[in-house]
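Tertiary structure, described
Residue strings, one per chain:
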Protein chains: 2
Amino acid sequence: MEGHLTIALDGMGGDHAPGTVVRGAAIALKRRPELRFHIFGNEPKIRRLMKHMPALEQASQIFHAETVIAADEKPSIALRQGRESSMRLAINDVKAGNAAAIVSAGNTGALMAMAKFVFKTLPGVSRPAIAALMPTQQKDCMMLDMGANIECDARNLFQFSVMGEAFCRAVLGRETPSIGILNVGSEDMKGHEYLRQTADMLRASHLADNFKGFIEGHHISEGMVDVVVTDGFTGNAVLKTAEGYARFIASEVRQSFTQSIAGRIAAPLALLALRRVKKQFDPNKRNGGMLLGLNGIAVKSHGGANARGYANAIGVAANCVIHGVNERIIEEIKLFDADGFAGISES
Amino acid sequence: MEGHLTIALDGMGGDHAPGTVVRGAAIALKRRPELRFHIFGNEPKIRRLMKHMPALEQASQIFHAETVIAADEKPSIALRQGRESSMRLAINDVKAGNAAAIVSAGNTGALMAMAKFVFKTLPGVSRPAIAALMPTQQKDCMMLDMGANIECDARNLFQFSVMGEAFCRAVLGRETPSIGILNVGSEDMKGHEYLRQTADMLRASHLADNFKGFIEGHHISEGMVDVVVTDGFTGNAVLKTAEGYARFIASEVRQSFTQSIAGRIAAPLALLALRRVKKQFDPNKRNGGMLLGLNGIAVKSHGGANARGYANAIGVAANCVIHGVNERIIEEIKLFDADGFAGISES
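This text gives an overview of the structure that appears in the document. Note that the structure is a prediction, hence the values are computed from the model and not measured.

Focus on the overall build of chain A
A count of helical and extended segments in chain A gives 13 helices and 11 strands. Taking 20 Å as the expected radius of gyration for a compact globule of 347 residues, we find that chain A reaches 21 Å, a close match to that expectation. Each principal axis of the C-alpha atoms in chain A carries an extent, and together these give about 60 × 60 × 40 Å. Of all intrachain contacts in chain A linking residues separated by at least 6 positions in sequence, the fraction that spans at least 24 positions is 71%. Here chain A displays about 13900 Å² of accessible surface, and carbon together with sulfur accounts for 52% of that area. On chain A, the mean spot of the 39 positive side-chain charges and the mean spot of the 35 negative ones are 8 Å from each other.

This is the structure:
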């Protein structure tokens, strides 16, 4: 097993599971031959899918799971009744030390609830967060929290900043990731009181040089910062709205090439020219939402991801392990305590 | 003055004032010859701009104002020090009964602060809100609040629903406008407690049939509802993010037609085909943010609007007067009290 990296896969999570999971694992294995998989789910189905993939078959162990967490299951119910589910067994596998990380394309809320229950949070971290990558005019930026924490206080947001910065440095290889707090204006007196407190904490911390102050919604796509910090309610609303408008505009652009004579003549070349844009906004390109702040690596793939997208999520998980993102977070959170903010109350 | 409708204009507000204001007024006058304008600002400048517009000159009175509220002025400072500003004098003109509504492309926060101070809120309304129209796959939808109220409670959001519905019916002519509360999921148990309270209030009110429950970010562009209700923090973040991504995608599409050979060949016809999309997302098309809930009509034009956009803002103001949007809101807020929610505490 020398040099191998084992990832536990929730074989049944996602819209096209287990097909996407198996094909995604095959792509990931081609990219990184050192990967090994523990796949949890319907064993006969998964075996059948692998029949003509000898390399993947050899790199994988399949563990039968009787149940699947439904996409619309309440996290609390999933936690109580999903002990034999493919998702839970995959998480347990990491906890037991048999795998280094878990990837699931299933129910995000259930994944967070179960992973938090099994892994617990990292020492010093008060709340884990869900992070996602978003396309910008510059490099991709990272936004957190995307919905794990509906209500946040300054300590939570400060820790999200630490976790986002550590991920950007460790996994994305950015040297000094810049941090912005999402607000309704760039001026210092704007917005919620706890945002101003977070800004004060960042300015007084070891991240002072990384912190670029408050940013507004349009600064996200402008790529003003590497890490956008916000509460889970706003992050979730902003991400889904941006995705919705991107899809809407894309569909309008497509339609414009079928509904006018000029469009129909230009269509073949125009759609060729637009492939670059399509590629840039392809959600599968940056698939892999991170559950940050947990004492275990858990990566969420988009439920509708294709095999390539799923393979990217596996790649994110592998990078988190290899680059020791959790060790960096622990280290930085300690600095944070050393900076003297430990006394700030949690909500 | 029989049959005339006088609108007070802040001649100096906006990026290209007073030029845009004067040209916008001229366009609005052509569309509605019954309009009359009271224009507040730098009289010599405004007079010079009107020199070759005899119709507008005849329909306008110019009132000199010494000062202008800067775009980045704090609302509290504007309120205290801006008593002789073009914005404030235009608001006062409505209060004095000389004009039926005010339009400004200036500082939104200052406009809200001054208009609230001078007009006060409508009877029964606890907080005014800023509403904006957004393009969707169906008809435009209306979203409020866009930033006037950073913190909201259930009573505020319920009243925003009432105000948005009344505006949609009165000004946009929709018979039974549908209402959705922006949340992180469509399920009843999701999100902030005060969102669930607002939903309960709507379900028990005269708007029960209009209320479609919780919606998520992507439902906005899908056109799921006519009125999207949210707090001012989320609304502001969501609007600016959507605008940012729309601009980003548009710029990527444009670039794709200059940066590849296929694109350059297709460009002339492709850009012709894309005009429809450009038009649909043109912010000037739906210019005119409403300040709802004030005892006086105040419309905010986008600071960067062109003359046509400014004329649209004047049109929105005129429609609000003609269709009696404030009378409708008062009437519905009374129903709200009759529905028995008057006792719910304000934040």
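Details of the packing of helix 5 (residues 86-95) of chain A against helix 6 (residues 108-119) of chain A
Residue and element names in this part refer to chain A. The interhelical angle for the contact between helix 5 and helix 6, taken along N-to-C directions, is 30°, at an axis separation of 10 Å. The orientation of helix 5 with respect to helix 6, classified from their angle, is roughly parallel. In this structure, helix 5 crosses over helix 6, and the sense of that crossing is right-handed. On helix 6, the residues touching Met-87, Arg-88, Ile-91, Asn-92, Val-94 and Lys-95 of helix 5 are Ala-110, Leu-111, Met-114, Ala-115, Phe-117, Val-118 and Phe-119.

Remarks on the pattern of salt bridges
Residues and elements named next belong to chain A. A full pass over the atoms with the stated rule returns 14 salt bridges over all chains. The salt bridge partner of Glu-43 is Arg-47, with a shortest N-O separation of 3.0 Å. Of this pair, Glu-43 and Arg-47 both sit in helix 2 (residues 43-50), separated by four residues, roughly a single helical turn. Exposure remark for Glu-43: the relative accessible area of 24% places this residue in the partly exposed category. Arg-47 gets classed as partly exposed once you look at its relative accessible area, which sits at 38%.

A short note on the pairing of strand 8 (residues 211-215) of chain A
Look at any regular strand and the pattern is simple: side chains alternate between the two faces of the sheet. When you tally the buried positions in strand 8 of chain A, you get four out of five residues, the bulk of the element. As for the winding sense of the linkage, the β-α-β connection from strand 7 (residues 179-182) of chain A through helix 8 (residues 193-203) of chain A to strand 8 of chain A is right-handed.

Some thoughts on the side chain of Thr-20 of chain A
Tracing the backbone shows Thr-20 of chain A in helix 1 (residues 19-31). The residues contacting Thr-20 of chain A, other than those within four sequence positions of it, are Ala-305, Asn-306, Ala-307 and Tyr-310 of chain A.

Focus: the packing of helix 11 (residues 261-281) of chain A against helix 10 (residues 232-256) of chain B
The packing of two helices is summarised by the inter-axis angle and the distance between the axes. Here helix 11 of chain A crosses helix 10 of chain B at 145°, and the two axes come no closer than 8 Å. For the crossing formed where helix 11 of chain A meets helix 10 of chain B, the hand is right-handed. Here helix 11 of chain A contributes Ala-273, Leu-274, Arg-276, Val-277, Gln-280 and Phe-281 of chain A to the contact with helix 10 of chain B, which in turn contributes Tyr-245, Phe-248, Ile-249, Glu-252, Val-253, Gln-255 and Ser-256 of chain B. Tallied by class, the residues present in the contact of helix 11 of chain A with helix 10 of chain B amount to eight nonpolar, three polar and two charged.

Considering the environment of Val-94 of chain A
Residue and element names in this part refer to chain A. As for its placement among the helices and strands, Val-94 is situated in helix 5. Classification of Val-94 as buried rests on a relative accessible area of 10%. In sequence terms Val-94 and Thr-234 are 140 residues apart; their C-alpha atoms lie 31 Å from each other. Val-94 has contacts with Ala-8, Ala-99, Ala-100, Ala-101, Ile-102 and Phe-119, leaving out every residue within four places of it along the chain.

Side note on the interface of chain B and chain A
Each side of the interface is counted separately: chain B has 56 residues, and chain A has 56 residues. Both faces considered, chain B and chain A share a buried interface measuring about 4900 Å² in area, 71% of it formed by carbon and sulfur atoms. If you sort the residues of chain B by the area they bury against chain A, Phe-233, Tyr-245 and Phe-248 of chain B come out on top, with a joint share of 15%. The interface formed by chain B and chain A contains two salt bridges. Close ionic contact of Glu-216 of chain B with Lys-240 of chain A constitutes a salt bridge, the shortest N to O distance being 2.4 Å. Summed over the shared surface of chain B and chain A, the result is 12 residue pairs in polar contact (both at pLDDT 80 or more).

Considering helix 7 (residues 154-170) of chain B
Residues and elements named next belong to chain B. Between its first and last C-alpha atoms helix 7 spans 24 Å; for 17 residues at 1.5 Å apiece the expected length is 24 Å, and the two agree. Burial analysis of helix 7 places 16 of its 17 residues in the buried class, the great majority of the element. Its side-chain oxygen 3.2 Å from the backbone nitrogen of Arg-155, Asp-153 forms the N-cap of helix 7.

Here is what the cut-offs are and how they apply
Residues numbered from 1 in each chain as written. Chains lettered and ligands numbered in written order. Predicted model: local features only at pLDDT ≥ 70, side-chain atom pairs only at ≥ 80, totals over all residues. Heavy atoms only, no water. Helix = DSSP H or I, 4+ residues; strand = E, 2+ residues; numbered from the N terminus. Rg over C-alpha atoms; globule rule 2.2 N^0.38 Å. Contact = heavy atoms within 4.5 Å. Areas by Shrake-Rupley, 256 points an atom, 1.4 Å probe, with all protein chains shown as cover. Lys, Arg positive; Asp, Glu negative; His and termini not counted. Charge placed at Lys NZ, Arg CZ, Asp CG, Glu CD. Axes fitted to C-alpha atoms, helices over the stretch in contact; angles between N-to-C directions. Parallel < 35°, antiparallel > 145°, perpendicular 65-115°, else oblique. Left-handed = near helix turned anticlockwise from the far one by under 90°. Salt bridge = Lys/Arg side-chain N within 4 Å of Asp/Glu carboxyl O. Buried < 20%, exposed > 50% of the residue type's maximum accessible area, 1.4 Å probe, protein only. Right-handed = clockwise from strand over helix to strand, strands pointing away. Nonpolar A, V, L, I, M, F, W, Y, C, P; charged D, E, K, R; others polar. Buried area = accessible area lost by both parts, 1.4 Å probe. Polar contact = N/O pair within 3.5 Å; in protein donor to acceptor, adjacent residues only side chain to side chain. Expected span 1.5 Å × (residues − 1).

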